[in-house]
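Architecture and fold: a report
Here is how the chains run, residue by residue.
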Amino acid sequence: MGRAVAVIGTGQTRHGRRNDVSYPDLVREAVRMALEDAGITPKDIEGVVSGTMPSMMEGISDTHLYFAEALCEVGKPVLKVESCGSTGQSIAHCGFYWVASGMADLVLVVGMEKMFEGDGQATMSTVADPWFLKPFSAGAPGVFTMQAMEWMHRFNIPEDKAHEAAAFISVTHHDSALDNPYAHIKIKIGMDEAKNAPIITYPVRLLDVCPTSDGACAVILASEEMAKKIGRKPAWIRGLGFRGEEFFYGESNKSIWPSATEAAKHAYEQAGIRDPLKELDVAEIYNPFTYQEMIFYECFGFCPRGKAPDYVLEGKFNRTGELPCDPSGGVLCTNPIGASGLIRLAEATLQVTGKAGARQIEGAELALSHAMGGIDQFNGVTIVGAKL
Amino acid sequence: MRKVAITRFAQSAGVESGDNLMDFTYRISKEVLDKAGLKRNEVGCVMIASSDIFHSGLSCANAVDWDGSGAFMIEGTRAEDSMFALIYAAMRILSGHFDTVLVTSIIKGSENPDNDTLTGFFADPFYMRPLGINETTAAAFQMREYMQRFGVSEEQCAKVAVKNLGNALFNPYAHMKKRVTVDDVLNSETVSDPLKALECAPKSEGVASVLLASGDAAERFTDKPVWIKGFGTSMDHFNLGDRDLLNGQLTVAAERAYRMAGIRQPRKEIDLAEICEPYAFQELLWCEKLGFCPDGEGGKLIDSGETQMYRAFPVNPSGGVLAMNPYVSRGLYRVIEAAMQIRGRAGEHQVDKKVRTALAHGTHGFAGQCHSVVILEG
Amino acid sequence: MADEKPKEKPREMKAQVTVPYEMAMGRNWHRFFENLKEERIMGTKCGKCSRVFIPPRSFCPRCFEDNEEWVEIGQEGTIETWCYSNLMFYGQTLKPPFIAVQVHLDGTDVGLQHRIAGFDLSDFEKVRELVKSGGRVRVVWNKEKKGNIFDIDYFELIPE
Ligand SMILES: [Zn+2]
């Protein structure tokens, strides 16, 4: 079914507060690195798809127009696809179908955000409708807290255990970010520090929460024929899925999160994965909040429902564990929203092509990448492998 | 290669709707599914088109658009423009992964600020925005250059508005419909010299929805499929000063669509065109760039009367964007109109000739920075 | 090159964007808010899956059919989840600290977002002793009705 599609190049900016460059120059930085990584020139590109968090964030709309040159779009077929926080996965999927359709052999996919130019929480609260949801918005942390509380209540998870596991995730991810040259937050923290960090929205504490970042990520997708011709080691897209629930947060059960569960299931079916914990070598999960990361472990079938804190505390998802999750430090340490989901795919690609440097998981051959968006509404998953 | 068909479609009329965004979306998507006899959860994929930011006042509009588009727990995403959504949807079918995609484009003009308040947000914050550049001022630059370089007259440009607003009188879905004369147009208020008020598109409501299906699946939903034979997009430079405003990327986008559809002589092989002309003169310029007449002869084309609804080469029998301008949806409205004409079911504005092949065009950005072209065939 | 340190401190331009909208509520939400003025909470019911919605949707997003039936909903409910917010940001409606809550009102099949109030919120540890997922709450009506969601002033805790 359809043509095979490979990731043959990735590029990321140094993420963080990037007021040293304009927004288009930030985009160009990632694009140039991806082109170099793939060993191709802008002329070779046959299509460009881009996206940000479609929002008031930077006060510019239809950014594919503004970034025409930075994205190498001039004279080329273009598409603009966006789906909130899950944009990074949505644009990767668009690139995938573009190549799979036979309409192009080389497609450039770029996600970007410059969050320091706007007000992140004010922006995110405008995803909510003005009548029912927005009046009670406590920003993104509020949403994720509601979800975490529901999850703990439903599965009778003692608060102390969840708190301990969340802190453990925070410590290990912050450690990992130290080995990632592109990461934004690079600090060494201990368990006590994570556990006693200031409360943002109980039980979520400062070190359970992602930063806001400036950053861009570019990925180059190629057909099988083109990938072979170019000859760089590719990561093959083995499965992908995207699902969304209702707009109103209270209409579906976020503690078992159908969209996350089904998006992964769909991707697993395509990739022929039956036991993700055993078969996957690494996972790059979109984890703006430590507690939420545990819910994802359960939705993606890495552990039984309600058991994520136990697995975490056993070290199963450490860099040395059975299924290392977010060895890049993840969204928890770097979050330029429109790029974040694509960074997950870029990191997964680096892992299965053996190019992840100090954060490399030895022998990684099959990796999951993921992004989440909306008010806990959307989830997208892409699985890449060293083998077709 | 697989074939992609437009099987069923629906569009809202240009009148202001009291429905909220969700209900408005639901009504039209539902109409298409009911016509096709397809259940919501049987749809393979949902593709939404809506504005990224300012058109709805809600960030991540795909979130609020999701339920009314019928996307609950099925594969889907959102594109920035309705032509992008249609093309991406077609590619999803071509990939072999999906047999049906429901494309719904959503804009509720009555809720929004002025068109140019919104297009002003395309501008970069440092150079163009402080100068107040928006889609209308950019179009005024383009029109002046068009008249100066090729001697196209204001009267010739005004004739487009006369034709299109007149055509709209027969289109129940149009927003602005008027019998006007060239003098009426030229005497209407100057918006951004040389553009007159009647030469600029209104701000409209518009939800439009189309069910695409693969060649094999199409017959389940309709006995009159309209085939998507070709499509193409292309992007120009951002800064107006970096561009030749009369020689943009429409030619390139059209060439891509023509090559895919196997069209060599567009004027001969295409029977009808639905063109996105938010400013009257653009219909003439775009006709040149689409290869319907030589460069600089758009004025002669309208003078010849050939593009009238009942003549040899109808352009915008629906009334075009001058009569109906739901920003993001306006491309898909062109596609639906072209499909209606091919089916011979356009009602009062059905053209006289037999339409076998039709072209639909969409554009957004300043002075046509980005163009999309789709070729349809019966 | 990207890695070079700029010689001067980067300059930033201050800008602010304000855009006015007139958003249609639609028939159902209009009716919902009119009913709140009468201290009645009305939901809609899907004729197919029988789920009762609040906010009262005009259609069921799963069955994709019109919701024809209106039903009156109870004014007590169960806390599904809640959040004590101390976070302040631009454009926020409620001043922190506040407790956002998702209430499962009796007779509905979905959770409604609102707030819990009616007691001292300044000490979080005390709040934690009082508010529990699974606990019961009741509507407290605003004396002054404006036909918006704050006609329900807040939810108060029902002691066990
Ligand atoms: Zn139902």
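As a reminder, the structure under discussion sits directly above these lines.
Scope of this entry: the structure provided in the associated data block. Everything numeric here is computed off the predicted structure, so don't read it as measured data.

**Here we look at the overall build of chain B**
Assigned secondary structure in chain B consists of 14 helices and eleven strands. A globule of 378 residues ought to have a C-alpha radius of gyration of about 21 Å, and chain B, at 19 Å, matches this closely. With the C-alpha coordinates of chain B rotated into their principal frame, the extents come out at 55 × 45 × 35 Å. Burial statistics for chain B: of 378 residues in total, 71% are counted as buried. Working note: accessible area of chain B is about 11200 Å², and carbon and sulfur atoms make up 48% of it. Side-chain charges in chain B split into 40 positive and 48 negative, and the spacing between the mean points of these groups amounts to 6 Å.

**Describing the packing of aromatic side chains**
Under the definition given, this model contains 36 aromatic pairs over all chains. Measuring from centroid to centroid gives 6.0 Å for A:Phe300 and A:Phe302, while their planes differ by 65°, and the two rings are edge-to-face. Of the residues examined, A:Phe300 reaches a relative accessible area of 1% and is grouped as buried. Classification of A:Phe302 as buried rests on a relative accessible area of 1%. Through a chain of ring-to-ring contacts, three or more aromatic side chains come together here, namely A:Trp131, A:Phe132, A:Phe247, A:Phe248, C:Trp29, C:Phe32 and C:Phe33. Here B:Lys3 stacks its cationic end above the ring of B:Trp227, 4.0 Å away from the centre of that ring.

**Here we look at the interface of chain C and chain A**
With 47 residues of chain C at the interface, the matching set in chain A holds 40 residues. Note on chain C versus chain A: buried area summed over both sides is about 3700 Å², and carbon and sulfur give 65% of it. Linking chain C with chain A are five salt bridges, by the criterion used here. Between A:Glu246 and C:Arg62 there is a salt bridge, with the nearest N and O atoms lying 2.7 Å from each other. There are twelve residue pairs in polar contact (both at pLDDT 80 or more) connecting chain C and chain A. In terms of residue count, strand 4 (residues 76-85) of chain C provides more of the side of chain C that touches chain A than any other element does, six residues in total.

**A closer look at the nonpolar core**
Membership of the largest hydrophobic core comes to 143 residues, with the highest contact counts inside it found for A:Met294, A:Tyr297, A:Phe300, A:Phe302 and C:Ile41. Setting aside chain neighbours within four positions, we find A:Phe302 in contact with A:Tyr268, A:Pro276, A:Leu277, A:Leu280, A:Ala283, A:Ile285, A:Tyr297, A:Tyr311, A:Phe317, A:Leu323 and A:Cys325. Of all hydrophobic cores here, the second largest spans 129 residues; its members include A:Cys72, A:Ala100, B:Met91 and B:Ala367.

**Some remarks on the sheet that holds strand 2 (residues 52-53) of chain C**
All names here are of chain C. One open sheet holds the three strands; their spatial order is 2-1-3, and the pairing between them is antiparallel. Here the strands that pair on one side only, and so sit at the sheet edges, are strand 2 and strand 3 (69-73). Sheet topology places strand 1 (residues 41-45) next to strand 3; five bridges connect them, and they run antiparallel. Bridge pairing in strand 3 links Thr44 to Trp70.

**Some thoughts on the pairing of strand 7 (residues 214-223) of chain A**
Residues and elements named next belong to chain A. For strand 7, the buried fraction is high: ten of the ten residues fall into the buried class. The side-chain alternation of strand 7 yields two buried faces, one formed by Asp214, Ala216, Ala218, Ile220 and Ala222 and the other by Gly215, Cys217, Val219, Leu221 and Ser223. Direction of pairing for strand 1 (residues 5-12) relative to strand 7: antiparallel, over a ladder of seven bridges. Within strand 7, the residue paired with Val5 across the bridge is Ser223. Sheet analysis places strand 4 (residues 106-114) next to strand 7, joined by nine bridges and oriented antiparallel. Bridge assignment links Gly111 to a residue of strand 7, and that residue is Cys217.

**Digging into the interface of chain A and chain B**
Tallying the contact residues gives 57 residues for chain A and 58 residues for chain B. Contact with chain B buries surface across chain A, with A:Leu65, A:Tyr97 and A:Met103 losing the most and accounting together for 14% of the total. The residue B:Arg78 makes a salt bridge to A:Glu82 at a minimum N-O spacing of 3.6 Å. Applying the counting criterion to the chain A and chain B interface returns 25 residue pairs in polar contact (both at pLDDT 80 or more).

**Structural notes on the pattern of salt bridges**
Counted by the stated rule, this structure contains 63 salt bridges over all chains. The closest approach of N and O atoms between B:Glu75 and A:Arg243, which form a salt bridge, is 3.1 Å. Here the residue B:Glu75 occupies a position in strand 3 (residues 75-79), and A:Arg243 occupies one in strand 8 (residues 235-244), the pair thus bridging two chains. Considered together, B:Glu75 and A:Arg243 belong to a single accessibility category, that of buried residues. By sharing partners, the salt bridges in this structure join C:Glu76, C:Asp106, C:Arg136, C:Arg138 and C:Glu156 into a single network.

**Brief notes about the coordination of the zinc ion**
All names here are of chain C. Looking at the zinc ion, one finds its protein donor set to be Cys46 (SG), Cys49 (SG), Cys60 (SG) and Cys63 (SG), positioned 2.3 Å from the metal centre. Between the four donor atoms coordinating the zinc ion, the angles at the centre fall across 103 to 115°, so the site counts as tetrahedral. Overall, the relative accessible area of 0% leaves Cys60 in the buried class.

**Quick look at the packing of helix 6 (residues 154-167) of chain B against helix 11 (residues 280-289) of chain B**
A pair of packed helices is captured by two measures, namely the crossing angle of their axes and the spacing between those axes. Residues and elements named next belong to chain B. For the pair helix 6 and helix 11, the least separation of the axes is 7 Å and the interaxial angle reads 105°. If you check the angle between helix 6 and helix 11, you find them roughly perpendicular. Along the contact surface, helix 6 presents Gln156, Cys157, Val160, Ala161, Lys163 and Asn164, while helix 11 presents Ala280, Phe281, Glu283 and Leu284. Taken together, the residues that form the contact of helix 6 with helix 11 break down as six nonpolar, two polar and two charged.

**So, the sheet that holds strand 3 of chain B**
Residues and elements named next belong to chain B. Spatial strand order, 3-2-4-7-1-8-11-10-9: nine strands in an open sheet with mixed pairing. Edge strands, defined here as strands with exactly one partner in the open sheet, are strand 3 and strand 9 (272-274). Each adjacent strand pair in this sheet contributes to an overall mean axis angle of 25°, direction not counted. With nine bridges joining them, strand 4 (residues 100-108) and strand 7 (residues 205-214) adopt antiparallel strand pairing. Bridge pairing in strand 7 links Val103 to Val210. Most of the contacts of helix 9 (residues 250-261) go to strand 8 (residues 226-235), to which it runs at about 150°, and overall it touches strand 8, strand 10 (357-364) and strand 11 (370-377).

**Structural notes on the pairing of strand 3 of chain B**
Residues and elements named next belong to chain B. Of all the five residues making up strand 3, five are buried; the element is thus mostly covered by neighbouring parts of the structure. Every second residue of strand 3 is oriented toward a common face, with Glu75, Thr77 and Ala79 on one face and Gly76 and Arg78 on the other, all of them buried. Bridge count between strand 2 (residues 45-50) and strand 3: five bridges; the pairing is parallel. Across the sheet, residue Ala49 finds its bridge partner in strand 3, namely Ala79.

**Quick look at the state of the cysteines**
With the rule as written, the count across this model stands at zero disulfides over all chains. In this structure A:Cys325 is not part of a disulfide, and its nearest cysteine sulfur, from A:Cys303, lies 9.4 Å away.

**Looking at a negative patch on the surface**
All names here are of chain B. The grouping of Glu154, Glu155, Asp183 and Asp184 at the surface amounts to a negative patch. Counting residues per element, the ones that place at least two in the negative patch are helix 6 and helix 7 (182-187). Following the sequence through the fold, Asp183 ends up in helix 7.

**Points about the packing of helix 3 (residues 82-94) of chain B against helix 14 (residues 330-343) of chain B**
Residue and element names in this part refer to chain B. Contact pair helix 3 / helix 14: the axes reach a minimum separation of 6 Å and the direction vectors enclose 60°. As summarised for this structure, helix 3 and helix 14 are arranged oblique, according to the angle between their axes. Within the contact between the two elements, helix 3 uses Ser82, Met83 and Leu86 and helix 14 uses Arg330, Gly331, Leu332 and Val335.

**Comments concerning helix 3 of chain B**
Residues and elements named next belong to chain B. Its 13 residues give helix 3 an end-to-end C-alpha distance of 18 Å, which sits within 8% of 18 Å, the value for a rise of 1.5 Å per residue. Buried residues dominate helix 3, accounting for 13 of its 13 residues. Looking at where helix 3 begins, the residue whose side-chain oxygen comes 2.8 Å from the main-chain nitrogen of Met83 is Asp81. Downstream of helix 3 by a residue or two, Gly96 has a phi angle that is positive, lying close to 85°.

The rules behind each value
- As a convention, each chain's residues are numbered from 1 in the sequence order in which they are written.
- Here the convention is simple: chains get letters from A, ligands get numbers from 1, in the order in which they are written.
- Two thresholds apply to this predicted model, a pLDDT of at least 70 for residue-level local features and 80 or more for giving and counting side-chain atom pairs, whereas whole-chain, interface and lining totals are computed over all residues.
- For side-chain calculations, the full set of non-hydrogen atoms in the structure is used, while hydrogens and water are omitted.
- Numbering of helices and strands runs from the N terminus; a helix is a DSSP stretch of H or I covering at least four residues, while a strand is a stretch of E covering at least two.
- Using C-alpha atoms as the atom set, the radius of gyration is obtained and then compared with a globule rule of 2.2 Å times the number of residues to the power 0.38.
- A 1.4 Å probe rolled over the protein chains alone gives each residue an accessible area, and that area as a share of the maximum for its type sets the label: buried under 20%, exposed over 50%, partly exposed in between.
- Values of accessible area rely on a 1.4 Å probe in the Shrake-Rupley scheme; residue burial ignores everything except the protein chains shown.
- Residues scored as positive are Lys and Arg, those scored as negative are Asp and Glu, and His as well as the terminal groups of each chain are ignored.
- Here the site of a charge means NZ on Lys, CZ on Arg, CG on Asp, or CD on Glu.
- For Phe, Tyr and Trp, rings pair up if their centres lie within 6.5 Å, where Trp contributes its six-membered ring, and each pair is then called stacked (planes under 30 degrees apart), edge-to-face (over 60) or tilted (otherwise).
- Over a ring means this: the NZ of a Lys or the CZ of an Arg is within 6 Å of the ring centre and within 35 degrees of the ring normal.
- Any two residues whose heavy atoms approach within 4.5 Å are treated as being in contact.
- The term buried area refers to how much accessible surface (probe radius 1.4 Å) is lost by two components on association, counted for both of them together.
- When a carboxyl oxygen of Asp or Glu is within 4 Å of a side-chain nitrogen of Lys or Arg, the pair counts as a salt bridge.
- Polar contact is the term for a pair of N or O atoms within 3.5 Å; when the atoms are in protein, one must be able to donate a hydrogen and the other to accept it, and sequence-neighboring residues count only if both atoms are side-chain atoms.
- Put simply, buried Ala, Val, Leu, Ile, Met, Phe, Trp, Tyr and Cys residues joined by side-chain atoms within 4.5 Å make one nonpolar core.
- By definition, two strands form a pair when at least two bridges between them are found by DSSP.
- Sites may look incomplete because water is not among the atoms; the donors themselves are N, O and S atoms within 2.8 Å of the metal, or within 3.2 Å for Na, K and Ca.
- Square planar and octahedral sites, with four and six donors, are those where opposite donors lie more than 155 degrees apart and all other angles lie between 65 and 115, tetrahedral sites have four donors with every angle between 85 and 135 degrees, and the rest are irregular.
- Lines fitted to the C-alpha atoms define the axes, with helices restricted to the stretch that makes contact. Angles between their N-to-C directions range from 0 to 180 degrees.
- Reported orientations rely on four angle classes, namely roughly parallel under 35 degrees, roughly antiparallel over 145, roughly perpendicular from 65 to 115, and oblique for the rest.
- Just so you know the grouping, Ala, Val, Leu, Ile, Met, Phe, Trp, Tyr, Cys and Pro go in nonpolar, Asp, Glu, Lys and Arg go in charged, and all remaining residues, Gly too, go in polar.
- When two cysteine sulfur atoms are found within 2.5 Å, that pair is recorded as a disulfide.
- Patches were defined on residues exceeding 30% relative accessible area and lacking a salt bridge, with like-charge contacts within 9 Å and nonpolar side-chain contacts (Val, Leu, Ile, Met, Phe, Trp, Tyr) within 5 Å.
- To estimate the expected span of a helix, count its residues, drop one, and scale the result by 1.5 Å.

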